[in-house]
Structures are given as C-alpha cells and as structure tokens.
Amino acid sequence: MKQNEITILGAGLIGSLMAIYLKRQGLDVSVYDKRPDKRKTPYYEGGRSINMALSHRGWKSLEQVGLKDKVLPLAIPMYGRKVHDEHGGTTFIPYGKNKQAIYSISRGKFNQLLAEEAERLGAVINFEHKCVDVDFSNQEITFETKEGIYKKEAPVIIGADGAYSSLRMAMQKQIRFNYKQEYISHGYKELTIPATSKGEFAMDPNALHIWPRGKFMLIALPNPDKSFTCTLFLPFEGSKVCFEKINDDSDLESVFKHYFDDAYQLMPNLKEEYFKNPTAALINIECYPWVQGHSILLGDASHAMVPFYGQGMNCGFEDCYILNSYLDKFGHNSWDLVFEKFQKQRKPDTDAICQLAMENFVEMRDSVADPKFILRKKIEAKLHDLYPNDWIPLYSMVTFSDMGYAEAYAQGKLQEAVMDKVMADPLITENWDKLDYEEIINIMETAKAV
Ligand SMILES: Cc1cc2nc3c(=O)[nH]c(=O)nc-3n(C[C@H](O)[C@H](O)[C@H](O)COP(=O)(O)OP(=O)(O)OC[C@H]3O[C@@H](n4cnc5c(N)ncnc54)[C@H](O)[C@@H]3O)c2cc1C
Ligand SMILES: NC(=O)C1=CN([C@@H]2O[C@H](COP(=O)(O)OP(=O)(O)OC[C@H]3O[C@@H](n4cnc5c(N)ncnc54)[C@H](OP(=O)(O)O)[C@@H]3O)[C@@H](O)[C@H]2O)C=CC1
Ligand SMILES: Nc1ccccc1C(=O)C[C@H](N)C(=O)O
C-alpha cells in the first residue's frame, strides 16, 4: 500500500490544519467529513460553540503554515477577564503582560478558511461521507453516503473526527485499548448580546466577560459583527439554579434578573434563544494508545477536554505542529516510528491540559470573584515583571508559551504551594507591595530543586 496516501477523517479545525501540513509535506491527502459542504448547503449552526479563544500554541502552528496574517483580521484580542459582580460593577484582571491577549474567533469562518487553504494546496475534501467503521487488519474504511455504503482502502488514517470519533470507536473494539470518559455535572447553552442600535459593541470588546456566581457562570466573547456570544454554564439538575428548573419565561427572567442583570438588559432575544438553542453536555475523554497500525487519533478524538481553559483547539493545533515535526525528522516512510514518537511525547501533556481545564472551571466561576484571588494574581504578575524567567504564572505558561503542558502543570503546583504561604500572612492586603520578592523566588528555586 502507498505510504504517501493519507486519509483524514474530519474536516473540522484539526483535520483541516493537518491536511495543510501534509500537503506542504508533498503527500496525497483525502479528507472525509460527515457534514455537508457549507458553501453548497448552508446549515444552521446556532447555539453550538460559535466562537473560541485562540492563543499562542494555535498562532504558532498557523504561523508555521503561513496563515497567521490571513487569520489575524478575523480575530479580536481579549487582554483580560472583565469580571461582572452581582451589583453591576466590573473588575479587569489582565491575562498576562500589557500586549498579551487571547483572540476571539468565529469557528465557522475559521474552519472554512482552513478547509479552503487545504483545498488550495490540493487536498480533496469529500463531504457527506460518514465513517462508520475501520478495519485495521485490512486498513479499510467503511463510509456511509447518500448513495449508500462503500469501503475504501486507506494506507494511513488520521482520525480528526472530534469528541465522538468513529476511528476511536473502532479502536475501542481492539484489545488493550484504554478509554475513560466523564460527563461533568454542568452543561452549556449559547446566547447572544447583539450590537447596540447604533451598531456598536454593547460592552468592552477587548475582554472576556465573566459573571462568576460560585457554582455557575455566564461568559461572553466578542464577534466581528459587534455582537457577543454568551455561554451559560449551569448544572443540569439538583441545584437552586440549574437547567432543569428553568422551564418558562418567568423562571428564566427571575434567574437572569437576579444573577446577571447587567447582561440581561443587553439581551433582547434571550427568551427566544434560550428555548430554541440546545443545552449541550460537557465531556472529558482520555484514551490510549492513539495508534493502531497505520491509524492515529488527533485533536478531540484523542483528548476531548472541557472548554474552561480555552485550549482544546489550541492543543489540537499543537498536535499537528508536533506530528509534522516528527515527519520532518523521520520522513514519510516511517509512519510506525512517527506515530509512536508522537503519542509517547504528547500523552502526558494532553493529560495535563485535560486536568487544568477542569481546574480552571472553579477559578472562573468562583475564585475570580474573590479579592484575595485578585491580589494573588497581582503578586504573581509583579514576580513575573521582576523575574521574568524565574516566575512565569501558570496561566501564561499554558496560554502564552509552548512549554509542555505537563511541565506547566508541575511548575504551577509548586507555585501554588509557595503562593499559599505568601497569602497566609494576615496583613498581606496592606503589605503585598513591600514583600521580599527575591525571597519568594529563592523559595521557589529550592522547591524546584527538590
Ligand atoms: C463551548 C465550547 C467552547 C470552546 N472554546 C474553545 C476555545 O476557546 N479555545 C479552544 O482552543 N478550544 C475551544 N473549544 C474546544 C474546540 O471546540 C475543540 O477542541 C475543537 O473543535 C476540536 O477540533 P477537532 O477538529 O478535533 O474536532 P471537531 O471540531 O469536532 O471536528 C470534527 C469533524 O469531524 C467530523 N466528523 C465527526 N464524526 C465523523 C465521522 N464519523 N465521519 C466523518 N466525519 C466525522 C465532524 O463533522 C467535524 O467536522 C471549545 C469547545 C466547546 C464545546
Ligand atoms: N469536550 C466537550 O465537552 C465538548 C467538546 N466539543 C467539541 O467541539 C466540537 C464541535 O462542537 P459542536 O459542533 O458544538 O459539537 P456537537 O455537540 O454538535 O457534536 C458534533 C457531533 O458529534 C455527535 N455527537 C454529539 N453528542 C454525541 C453523543 N453523546 N454521542 C455520540 N455522538 C454525539 C453528533 O453527531 P450526529 O449528528 O451524527 O449525532 C454531532 O453532530 C465537537 O465535535 C467536540 O469535538 C463539543 C461539545 C462539548
Ligand atoms: N473560551 C472559553 C470557553 C469556555 C470557557 C472558558 C473559555 C476561556 O477561554 C477562558 C479563558 N482562557 C480564561 O481563563 O479566562
């Protein structure tokens, strides 16, 4: 079988970027997606992760394939979190240094740009082809199309078909395949704050807005049409405020007026959208091995994480970057070696970001409302200013660097222990500016050396 014929399942964000990388490697690339071609059959996408935050790992991968400048005009920088309290007041917490931002980008347009770039480079995208099975012993894929079922030989298969991957389902039937999935107690629903009657943004567009309410939260990211896509994260059931208890206009109005009144005033279509848009579940999926013969899982197919760190897509893009670097190193005739090296290197990092994503939910929905947390962030920012190489806050390691996620996680835990001690000082609020910052760095260095 030909080693230079690559079949990618899924023309989503990761499948499309991988197709671009592989075309640039000079390989034959065919992509198959179960959805229709949006250019020919536009379909309603409302209510499903409309926009997302793009950060350093994503940009690094886009830059490598020459797409950074094409993507930049579609993206809106968000320099920090704007936290809305229950009385309409706001506090701004920067994400990093002055110019560091995460970028809001619309999934649909971005996906289309990547898919079209893949096609421009010669990849063939076959829409309305649903993979329903993969036979590993014969390297054969079964597709379901409008015309019926057919089988296709595929020497090398990359499964970038998302959280409910069909390639992964086929792997699950193989022996010694480990698989773990966890639905969290919360789900999400997407809503909109439209542009004002004057056609302007209704809030600061250069921030990620958060309404933290302890056990639940609302967030909003800006769109180029001057609207915001809001995402409401609530428990499905069992709490005072949960999806199960919002059944009519009056339930909805009372929750929004009570907890999110400033946002509510900006949401003229709330009732219609709330009851029309789906309530979606949130899942964490970890599995291993990602490789079976000449087939490999990539992106959400191998590591679907909850969205709270804004890293799922960025991590998937970094998967493409790393897989490509192994192809550079070992060439196109050593898929076994390339896939093996890739999965071994990558798995500890994707486990770490899955865990960090879970932990960031607590930070977003609860901690950001605590003045002590804001002070902690300030102290860490000052440490980073004074000792840029010795203290890089966890959020910056994850979002503004390409340090392995596992290393960021480990360093983050050490920093947390050091900061817990700093924050234990009962006079910290008054004295934070006069701390012995060099001593904190020394404690951190000692902790690292152990
Ligand atoms: C609410 C929410 C917010 C998020 N925000 C962010 C964020 O801010 N930043 C970030 O980095 N990430 C974010 N993510 C995560 C991000 O959406 C995913 O990590 C990303 O979409 C994964 O891309 P993918 O290409 O692996 O999978 P997908 O985007 O799911 O693409 C998979 C593709 O495969 C196709 N497919 C599926 N099954 C088959 C089959 N059997 N046969 C053929 N084709 C198939 C699908 O049609 C789809 O086109 C968010 C996720 C959610 C839910
Ligand atoms: N980690 C997480 O918590 C989440 C991650 N995501 C990621 O973002 C991607 C794009 O988001 P979006 O388009 O909103 O995704 P969707 O939620 O619309 O799911 C994409 C497809 O996955 C299939 N699907 C959905 N739920 C299930 C399920 N429980 N069991 C089996 N198949 C299911 C559906 O296929 P069909 O139409 O054939 O039934 C759906 O069309 C997702 O594919 C996923 O990779 C999305 C939501 C949550
Ligand atoms: N895109 C998201 C979607 C859902 C939930 C969070 C995000 C974030 O990006 C959070 C951001 N990284 C933060 O920590 O403030």
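Values in this document were obtained by computation on a predicted structure and should not be read as measured data. (Residues numbered from 1 in each chain as written. Chains lettered and ligands numbered in written order. Predicted model: local features only at pLDDT ≥ 70, side-chain atom pairs only at ≥ 80, totals over all residues. Heavy atoms only, no water.)

## Some words on the layout of surface pockets
Then comes step 1: Volume-wise, the second largest pocket comes out at about 890 Å³.
Then comes step 2: Secondary-structure elements contributing two or more residues to the lining of the second largest pocket are strand S6 (90-94), helix H11 (335-365), helix H12 (371-386), helix H13 (394-399) and helix H14 (405-423).
Then comes step 3: At nine residues, H12 tops the list of elements feeding residues into the lining of the second largest pocket.
Then comes step 4: Counted by class, the lining of the second largest pocket contains 15 nonpolar, seven polar and eleven charged residues.
Then comes step 5: Split by domain, the residues of the lining of the second largest pocket number at least three in each of domain 1 (5-46 + 107-181 + 283-360) and domain 2 (370-449). (1 Å grid on protein atoms, 1.4 Å probe; cavity = no way out; pocket = protein on both sides within 12 Å on 5 of 7 lines; lining within 4 Å. Points joined across faces, edges and corners; volume = space filled by probe spheres on them. Helix = DSSP H or I, 4+ residues; strand = E, 2+ residues; numbered from the N terminus. Nonpolar A, V, L, I, M, F, W, Y, C, P; charged D, E, K, R; others polar. Domains from an automatic or database assignment.)

## Considering unusual backbone geometry
Then comes step 1: Cis geometry marks the peptide bond from Tyr288 to Pro289; its omega dihedral reads 0 degrees.
Then comes step 2: In this structure, Pro289 sits in the loop between strand S17 (280-288) and strand S18 (291-292).
Then comes step 3: Positive phi, normally seen in glycine, also occurs at Glu128, with a value near 50 degrees.
Then comes step 4: If you trace the backbone, Glu128 turns up in the loop between strand S8 (124-126) and strand S9 (130-135).
Then comes step 5: Look at Gln139: it is not a glycine, yet its phi comes out positive at around 45 degrees.

## So, the pattern of salt bridges
Then comes step 1: Evaluation of the coordinates by the stated rule reveals 26 salt bridges.
Then comes step 2: Across the pair Glu116 and Arg39 runs a salt bridge whose closest N-O atoms are separated by 3.4 Å. Remark: Arg39 occurs in the loop between strand S2 (28-32) and strand S3 (51-54) and Glu116 occurs in helix H4 (residues 107-120); sequence separation between them is 77 residues.
Then comes step 3: In this structure Glu116 comes out as partly exposed when scored by relative accessible area, which is 35%.
Then comes step 4: With relative accessibility at 37%, the residue Arg39 sits in the partly exposed group. (Salt bridge = Lys/Arg side-chain N within 4 Å of Asp/Glu carboxyl O. Buried < 20%, exposed > 50% of the residue type's maximum accessible area, 1.4 Å probe, protein only.)

## What to know about the site of ligand 3
Then comes step 1: Neighbouring ligand 3 are 13 residues; Arg81, Tyr95, Tyr309, Asn360 and Tyr395 lie closest to it.
Then comes step 2: The separation between an oxygen atom of ligand 3 and a polar side-chain atom of Arg81 is 2.7 Å.
Then comes step 3: Taking Tyr95, its side chain carries an N or O atom lying 2.7 Å from an oxygen atom of ligand 3.
Then comes step 4: Protein chains shield 93% of the accessible area of ligand 3, which is 380 Å² for the free molecule. (Near = heavy atom within 4 Å. Polar contact = N/O pair within 3.5 Å; in protein donor to acceptor, adjacent residues only side chain to side chain. Areas by Shrake-Rupley, 256 points an atom, 1.4 Å probe, with all protein chains shown as cover.)

## Focus on the pairing of S9
Then comes step 1: As defined by bridge partners, S9 adjoins strand S10 (residues 140-145) across five bridges and the pair is classed as antiparallel. Note that in S10 the partner of Val134 across the bridge is Ile141.
Then comes step 2: Hairpin connection from S9 to S10: four residues lie between these consecutive antiparallel strands, with Gln139 at a positive phi of about 45 degrees. (Pairing = 2+ DSSP bridges.)

## What to know about the packing of helix H10 (residues 312-330) against H11
Then comes step 1: Packing of H10 against H11 brings their axes to within 9 Å, and their N-to-C directions diverge by 150 degrees. Taken together, H10 and H11 sit at an angle that is classed as roughly antiparallel. Helix-helix and strand crossings are classified by hand; for H10 and H11 the assignment is right-handed. Touching Cys315, Glu318, Asp319, Ile322, Leu323, Tyr326, Leu327 and Phe330 of H10 are Trp335, Leu337, Val338, Phe339, Lys341, Phe342, Gln345, Arg346, Thr350 and Ile353, all from H11.
Then comes step 2: A class-by-class count of the residues in the contact of H10 with H11 yields twelve nonpolar, two polar and four charged. (Axes fitted to C-alpha atoms, helices over the stretch in contact; angles between N-to-C directions. Parallel < 35°, antiparallel > 145°, perpendicular 65-115°, else oblique. Left-handed = near helix turned anticlockwise from the far one by under 90°. Contact = heavy atoms within 4.5 Å.)

## Re the side chain of His384
Then comes step 1: Structurally, His384 is set in helix H12.
Then comes step 2: Those residues within four positions of His384 in sequence are excluded, and the remaining contacts are Lys97, Trp391, Ile392 and Pro393.

## A few points about the domain arrangement of the protein chain
Then comes step 1: The domains assigned to the protein chain are domain 1 (5-46 + 107-181 + 283-360) and domain 2 (370-449).
Then comes step 2: Here the C-alpha centre of domain 2 lies 37 Å away from the C-alpha centre of domain 1.
Then comes step 3: In this assembly, 13 residues from domain 1 lie in contact with ten residues from domain 2.
Then comes step 4: Regarding the contact of domain 1 and domain 2, the summed buried area is about 990 Å², with carbon and sulfur atoms giving 60% of it.
Then comes step 5: Applying the counting rule to domain 1 against domain 2 returns one salt bridge.
Then comes step 6: Here domain 1 is connected to domain 2 by five residue pairs in polar contact (both at pLDDT 80 or more).
Then comes step 7: Elements that contribute at least two residues to the side of domain 1 that touches domain 2 include exactly H10 and H11.
Then comes step 8: Counted by class, the side of domain 1 that touches domain 2 contains six nonpolar, three polar and four charged residues. (Buried area = accessible area lost by both parts, 1.4 Å probe.)

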